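# Chains, contacts and geometry: an overview
Spelled out from the first residue to the last, the chains are:
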Amino acid sequence: MIPVEYLWLTLIGVFGIVGMVRGLWKELGVTTVLLLSLFVLTFGWEQIGSKILDLMPGNLPEANTMALYYTVLILFIGFIAYEGFTLKFPIKEVKGLLKGILGLPGGLLNGYLIVGTIWDVTNQAKYYGWKVPYGTTGTMIAVSDSLTDLHHTITSYLPTTFINEFVLLMLGMILLVIMLLK
C-alpha cells in the first residue's frame, strides 16, 4: 500500500497539467472564485455549522459532517468555475511552451485550493474511519492509523488549517479588483 499523500499530491499535479493546457489567465480567474468561495465556506461553517449538525440524521461526528460540507460544496464550486462561465485575468494571452510554463503554477495553486481543501477536511475527519487491507495478510487497518510523518507535515499546510479565512477574502478581493479594473 502506498502512502495516501501520494494520491493527494498526484491529484494536485493533475490540476497543474490542466493549468498548463488552459493557461494562466484562465487559471487566475478560477483562483479568484475559489479564494472567495473558501472564505464563504469557512465563514458559513462558523455561522451555520451547528445548525447543519442538528439536521443530520444519526450520530455523524462533527468532523465528518464538516468534511462532507466542504467536499460537496468545493467540488461543485470547482466544477462550475472550470466548466461554467470562465473569468479571465486581464493579462496578455500567450501560446505554446510559455503558456504551459505560466499555466503550471496557476493549475497547481487551484489544485492546492480544491484538492488540498478536500484532503484537509478528510484528514480532520480521520478519513471517515475507512479501513483498507494491509498487505497480503487480510488484516484491515484504518487509513488514519497508517499515516506517515510526511503526511502530517503536509496536512499542517493545507488550506482550511493553514490559511485564515480573512486572508482568503483579501487575496480573492485583490484578484477580483484587478480583473474589474482591467
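Residues numbered from 1 in each chain as written. Predicted model: local features only at pLDDT ≥ 70, side-chain atom pairs only at ≥ 80, totals over all residues. Heavy atoms only, no water.

Helix and strand counts for the protein chain come out as 7 helices and 2 strands. Element order for the protein chain, N to C, with α for helix and β for strand: α-α-α-α-β-β-α-α-α. Along the first, second and third principal axes, the C-alpha set of the protein chain runs to 55 × 40 × 25 Å. Counting only residues that meet the buried cut, the protein chain has 41% of its 182 residues in that class. In the protein chain, the proportion of contacts linking residues at least 24 apart, taken out of those at least 6 apart, comes to 84%. On the protein chain, roughly 10,300 Å² of surface is accessible, and the fraction owed to carbon and sulfur atoms is 71%. On the protein chain, the mean spot of the 10 positive side-chain charges and the mean spot of the 11 negative ones are 16 Å from each other. (Helix = DSSP H or I, 4+ residues; strand = E, 2+ residues; numbered from the N terminus. Buried < 20%, exposed > 50% of the residue type's maximum accessible area, 1.4 Å probe, protein only. Contact = heavy atoms within 4.5 Å. Areas by Shrake-Rupley, 256 points an atom, 1.4 Å probe, with all protein chains shown as cover. Lys, Arg positive; Asp, Glu negative; His and termini not counted. Charge placed at Lys NZ, Arg CZ, Asp CG, Glu CD.)

Relative to the helices and strands, threonine 71 resides in helix H3 (residues 62-83). Within the structure, the side chain of threonine 71 is placed 2.7 Å from the backbone oxygen of alanine 67, a separation counted as a polar contact. Excluding anything up to four places from it in sequence, threonine 71 contacts Ile118, Val121, Thr122 and Tyr128. (Polar contact = N/O pair within 3.5 Å; in protein donor to acceptor, adjacent residues only side chain to side chain.)

All told, the structure shown has 1 salt bridge when counted by the stated rule. For arginine 22, the salt bridge is made with glutamate 27, and the minimal N-O distance between the two is 2.8 Å. You'll find arginine 22 and glutamate 27 in the same group, each marked buried. (Salt bridge = Lys/Arg side-chain N within 4 Å of Asp/Glu carboxyl O.)

We now examine the packing of aromatic side chains. Tallied over the full model, the rule gives 8 aromatic pairs. When the centroid spacing of 5.9 Å and the interplanar angle of 55° are considered together, the rings of phenylalanine 15 and tyrosine 82 count as tilted. Within this pair, whereas phenylalanine 15 is found in helix H1 (residues 4-22), its partner tyrosine 82 is found in helix H3, the two being separated by 67 residues in sequence. With a centroid separation of 5.8 Å and 15° between ring planes, the pair formed by phenylalanine 39 and phenylalanine 43 is classed as stacked. Of the two residues, phenylalanine 39 and phenylalanine 43 both sit in helix H2 (residues 24-55), 4 residues apart, roughly one turn of that helix. Taking the relative accessible area as the measure of exposure, phenylalanine 43 reaches 37% and is therefore partly exposed. An aromatic cluster is present here, built from Phe39, Phe43 and Phe166 joined pairwise through their rings. (Phe/Tyr/Trp six-rings, centres within 6.5 Å; stacked < 30°, edge-to-face > 60°.)

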